[in-house]
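Spelled out from the first residue to the last, the chains are:
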There are 2 protein chains.
Amino acid sequence: MNLDEMKETTLSSESIYDGAIINVEKDTVRLPDGNTSIREVVRHPGGVSVCAIDHDLNVYFVRQFRYPFGTVLLELPAGKIDPEENPYDAALRELKEETGLVATDMISLGQIYSSVGFCDEVIHMYMAVSVEQREQCLDAGEFVKVEKIPIAEAVQMVIRGEITDAKTVASLLKAYIILDQLQQQYEEQAQV
Amino acid sequence: MNLDEMKETTLSSESIYDGAIINVEKDTVRLPDGNTSIREVVRHPGGVSVCAIDHDLNVYFVRQFRYPFGTVLLELPAGKIDPEENPYDAALRELKEETGLVATDMISLGQIYSSVGFCDEVIHMYMAVSVEQREQCLDAGEFVKVEKIPIAEAVQMVIRGEITDAKTVASLLKAYIILDQLQQQYEEQAQV
């Protein structure tokens, strides 16, 4: 099957909910075989996360109560992108608000699509390798505890299943593999 | 702040949408500081994914049109857990349906929480290292193209940002790091 032939075409779209953070719609679509089906879609403005690493290779985490799970989770600093805000600026802002860290430079760790079956949320992931500690300045109603963990230990916590938040798992493992590959390139060049 | 003190308490819950795949609710909660706030929550039955690897270290992917993004994405075989079904059986079933592969054994790659701010979806990730090819048996209305990619190349596609689906990124990188650690242990033991 040609990839173009997999396309689903919107026949009608019904707005179910117009919320503060998410919108929900229920669409009727034409499938590639000509039949129709329903697609429930959650629309989200998108988010950012930052894997901030200090000179001793510690990663900064936040512990935060997450209402859908009714529990406190360990995550990278993260948040929604404000209207008109670009992802890079949103990442700098969320890092500063939640941890008090100011990043002098960040590199992109790419994007993840949180749940492609029913939701259009994209999370823009960054890595900050040069950070300065200033004051935390949480939003009203935000309760966050900051924690530093060595990156090698954090990766093992992911492997052992102790870190489960998708953006945190994806960012940490990408950062770890990228840093490992850079280290190997550096060692190879040093041997030449 | 004590972690128990971060807890948010449900004051009331309003059902917004009772759908085929998702339910949406709008809850009023009491925050740790005594103020109230709104929480929009998408409830999802949970899903599974399988990182199936053959003897030549190729990983099986599916290309599938994803309506929320209006495009075809490259993902690991995956799907929702049926009512009364356990995650392991759901993973075996989805792998068989989407790729025609029968896994004789699978190990857990843990769970990810897709989007912890507003959604309770949990994806149970598995790795299958022994698979047999049978016939694909897609659900009605499901259009999926199977593709094999060497695991090292797939990991580089993640690093380059060419694979963005969260469960696929998390599963692949976890599988890669676990296999790498096993390989190192094996080499160390062989040297003793």
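Cut-offs and rules
- Residues numbered from 1 in each chain as written.
- Chains lettered and ligands numbered in written order.
- Predicted model: local features only at pLDDT ≥ 70, side-chain atom pairs only at ≥ 80, totals over all residues.
- Heavy atoms only, no water.
- Pairing = 2+ DSSP bridges.
- Helix = DSSP H or I, 4+ residues; strand = E, 2+ residues; numbered from the N terminus.
- Axes fitted to C-alpha atoms, helices over the stretch in contact; angles between N-to-C directions.
- Contact = heavy atoms within 4.5 Å.
- Core = buried A, V, L, I, M, F, W, Y, C linked by side-chain atoms within 4.5 Å.
- Buried < 20%, exposed > 50% of the residue type's maximum accessible area, 1.4 Å probe, protein only.
- Patch = residues over 30% accessible without salt bridge, like charges linked within 9 Å, V, L, I, M, F, W, Y side chains within 5 Å.
- Areas by Shrake-Rupley, 256 points an atom, 1.4 Å probe, with all protein chains shown as cover.
- Salt bridge = Lys/Arg side-chain N within 4 Å of Asp/Glu carboxyl O.
- Lys, Arg positive; Asp, Glu negative; His and termini not counted.
- Charge placed at Lys NZ, Arg CZ, Asp CG, Glu CD.
- Least-squares fit on C-alpha atoms with pLDDT ≥ 70 in both.
- Polar contact = N/O pair within 3.5 Å; in protein donor to acceptor, adjacent residues only side chain to side chain.
- Expected span 1.5 Å × (residues − 1).

Caption draft 1: Structural context of the sheet that holds strand E8 (residues 101–113) of chain A. All names here are of chain A. In spatial order, the strands read E7-E4-E9-E8; together these four strands make up an open sheet with mixed pairing. Either end of the sheet is taken by a strand with one partner, and the two such strands are strand E7 (78–80) and E8. Neighbour-to-neighbour, the strand axes of this sheet turn through a mean angle of 25°, independent of strand direction. Each of strand E4 (47–52), E7, E8 and strand E9 (122–133) is contacted by helix H3 (residues 166–191), which is oriented at about 105° to E8, the strand it contacts most.

Caption draft 2: Focus on the nonpolar core. Ranked by size, the top nonpolar core spans 54 residues in total, and within it Phe61(A), Leu172(A), Phe61(B) and Leu172(B) carry the most contacts. Setting aside residues no more than four positions away along its own chain, Phe61(B) makes contact with Leu74(B), Glu75(B), Leu76(B), Lys145(B), Val146(B), Glu147(B), Ile149(B), Ala154(B), Ile163(B), Thr168(B) and Leu172(B).

Caption draft 3: Summary view of a negative patch on the surface. A contiguous patch of negative charge, built from Asp180(A), Glu187(A), Glu188(A), Asp180(B), Glu187(B) and Glu188(B), is present on the exposed surface. For the negative patch, the secondary-structure elements that each account for two or more residues are H3 of chain A together with helix H3 (166–191) of chain B. Mapped onto the secondary structure, Glu187(B) falls in helix H3.

Caption draft 4: Molecular detail of unusual backbone geometry. One non-glycine residue, Glu84(A), lies in positive phi territory at about 75°. Assignment of secondary structure puts Glu84(A) in the loop between E7 and helix H1 (87–99).

Caption draft 5: Structural view of the relation of the copies chain A and chain B. It takes a turn of 180° to lay chain A on chain B, together with a shift of 0.0 Å along the axis; the resulting RMSD is 0.0 Å. What the rotation and shift describe, once combined, is the action of a two-fold rotation axis. An overlap of 100% is found between the interface residues of chain A and their copies at the interface of chain B, pointing to a shared contact surface.

Caption draft 6: Main features of the interface of chain A and chain B. With 68 residues of chain A in contact, the opposing surface of chain B contributes 68 residues. Where chain A packs against chain B, one counts zero salt bridges. Seen at the junction of chain A and chain B, the total is 22 residue pairs in polar contact (both at pLDDT 80 or more). For the side of chain A that touches chain B, the element with the most residues is H3(A), which contributes ten residues.

Caption draft 7: Structural context of H1(A). All names here are of chain A. Across its 13 residues, H1 extends 18 Å between first and last C-alpha, which sits within 8% of the 18 Å expected from 1.5 Å per residue. Of all the residues in H1, the buried ones are Ala90, Ala91, Arg93, Glu94, Leu95, Glu97, Glu98 and Thr99. A positive backbone phi angle near 80° is found at Gly100, which sits one or two residues after H1.

Note that every value here comes from positions in space, so none of it alone points to a role or purpose.
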